[in-house]
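If you want the building blocks of each chain, they are given just below.
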Amino acid sequence: MAVVAVTGCRTTQHPGAAPSTTSPTPTATSPSASPGPATGASYDPAQFAPQVRTWSAKTGVSARLLLAVLYNEAYKPHAPELERAWQRLKPDSAFGIANMHRAAFDETKQEHFPTRRWEELPDDPALAIQAEAWYLAGLADQLPSHWSSSYTKDELLALGYNTGPGNMLAFARGAHPGTQAQAYLDHLRANLPKADQALAQNG
């Protein structure tokens, strides 16, 4: 994901690299019965609805948000060999179906899955969903109990996932997203009904 311009805030790269804060009881490994790596045009985030439900229950992050973020991040092919080839050209690129950068993954893993490595994300969609869920849970812990903007909690968390926790808090205080952050939010709003439908159909 490109660097996002934000009105009135510093720009940050997606997802933000600030440490996640304490979340519910951690689990060390991802579910063993996960589908294989997502590939090219055949990839549909709906196939991961069961894993999304699992990590929603463990982290307290809404399943519809987790899945909608996966839809947002499905803009590029997620075949492992393509991700690694791109990363060799652009070392700061993101890995996995949730498009997580190394710094965000490493900070999130310290408490929740310390033996796992960022390099595993392209081959392990379940780990990518686990990391996404715990990262979003950490962002949720940083939100104040009340905020002045009209964004919902899930919208702020999605903006935090895209632009980092500092910008998320600025949006909560009323700052306006830049063009790319607003586009991410617009895509999220369009993808929430798709997430609801996928969760209903993949019970």
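Reading the values: rules and limits
Residues numbered from 1 in each chain as written. Predicted model: local features only at pLDDT ≥ 70, side-chain atom pairs only at ≥ 80, totals over all residues. Heavy atoms only, no water. Helix = DSSP H or I, 4+ residues; strand = E, 2+ residues; numbered from the N terminus. Buried < 20%, exposed > 50% of the residue type's maximum accessible area, 1.4 Å probe, protein only. Salt bridge = Lys/Arg side-chain N within 4 Å of Asp/Glu carboxyl O. Contact = heavy atoms within 4.5 Å. Phe/Tyr/Trp six-rings, centres within 6.5 Å; stacked < 30°, edge-to-face > 60°. Lys NZ or Arg CZ within 6 Å of the ring centre and 35° of its normal. pLDDT = per-residue confidence, 0-100. Arc of directions from axis to C-beta.

## Re the overall build of the chain
- Along its length, the chain carries eight helices and zero strands.
- In the chain, the succession of α and β elements from N to C terminus is α-α-α-α-α-α-α-α.
- For the chain, with 203 residues in total, the buried portion stands at 51%.

## Here we look at the pattern of salt bridges
- Throughout the structure, instances matching the rule amount to seven salt bridges.
- Among the ionic pairs, Arg-117 bridges to Glu-119, the shortest N-O distance being 3.5 Å.
- For the salt bridge of Glu-155 with Arg-189, the shortest nitrogen-to-oxygen distance reads 2.8 Å. Here Glu-155 is found in helix H6 (residues 153-163), whereas its partner Arg-189 is found in helix H8 (residues 179-201), with 34 residues between them in sequence.
- Shared partners join several salt bridges into a network, and the residues in it are Arg-102, Arg-117 and Glu-119.

## A short note on helix H7 (residues 165-172)
- Burial of H7 is extensive: six of the eight residues sit out of reach of the surface.
- Along H7, the residues classified as buried are Pro-165, Asn-167, Met-168, Ala-170, Phe-171 and Ala-172.
- Here the buried face of H7 lies against helix H5 (125-142), H6 and H8.
- Residue Gly-174 follows H7 closely and has a positive phi angle near 115°.

## With respect to the packing of aromatic side chains
- The final tally for this structure, using the stated rule, is four aromatic pairs.
- An angle of 50° between the planes, with centres 6.0 Å apart, marks the rings of Tyr-43 and Phe-48 as tilted. Comparing Tyr-43 with Phe-48 shows no difference in burial state: the two are buried.
- Between the aromatic rings of Tyr-135 and Tyr-161, the centroid separation amounts to 5.8 Å while the plane-to-plane angle is 80°, which identifies the pairing as edge-to-face. Of this pair, Tyr-135 sits in helix H5 while Tyr-161 sits in helix H6, and the two are 26 residues apart along the sequence.
- When the ring centre of Trp-55 is taken as reference, the NZ or CZ atom of Lys-58 above it lies at 5.6 Å.

## Description of the environment of Ala-63
- Examined against the element boundaries, Ala-63 turns out to sit in helix H2 (residues 63-72).
- Accessibility expressed as a relative area gives 15% for Ala-63, which makes it buried.
- For the pair Ala-63 and Ala-133, spaced 70 residues apart in sequence, the C-alpha separation works out to 9.1 Å.
- Here Ala-63 is in contact with Val-52, Ser-56 and Leu-199, once residues within four sequence places are set aside.

## Examining the confidence of the model for the chain
- Within the chain, residue pLDDT values average 82, and 79% of them lie at 70 or more.
- Element-level pLDDT for the chain is lowest in helix H3 (residues 80-89), with a mean of 83, against a maximum mean of 98 in H2.
- For residues 1-13, every residue scores under 50 in pLDDT, and the model assigns this stretch 45 contacts once sequence neighbours within four places are set aside.
- Here residues 16-39 scores under 50 on pLDDT; set against residues more than four positions off or in separate chains, the count is 81 contacts.

## Quick notes on the side chain of Glu-155
- Take Glu-155: its relative accessible area is 11%, and that puts it in the buried class.
- Other than its neighbours up to four places away in sequence, Glu-155 contacts Leu-185, Leu-188 and Arg-189.

## Quick word on helix H1 (residues 49-59)
- Within H1, burial applies to Ala-49, Gln-51, Val-52, Trp-55, Ser-56 and Thr-59. Taken end-on, H1 shows its buried residues confined to a sector of 155°, consistent with a single buried face.
- Residues of H1 that are buried make contact with H2, H5 and H8.
- Gly-60 occupies a position one or two residues after H1 and carries a positive phi of about 85°.

## Side note on the side chain of Gln-87
- You can see Gln-87 is positioned in helix H3.
- Residue classification places Gln-87 among the buried positions, given a relative accessible area of 17%.
- Ignoring anything within four residues of it in the chain, the contact list for Gln-87 reads Ser-93, Phe-95, Arg-102 and Trp-118.

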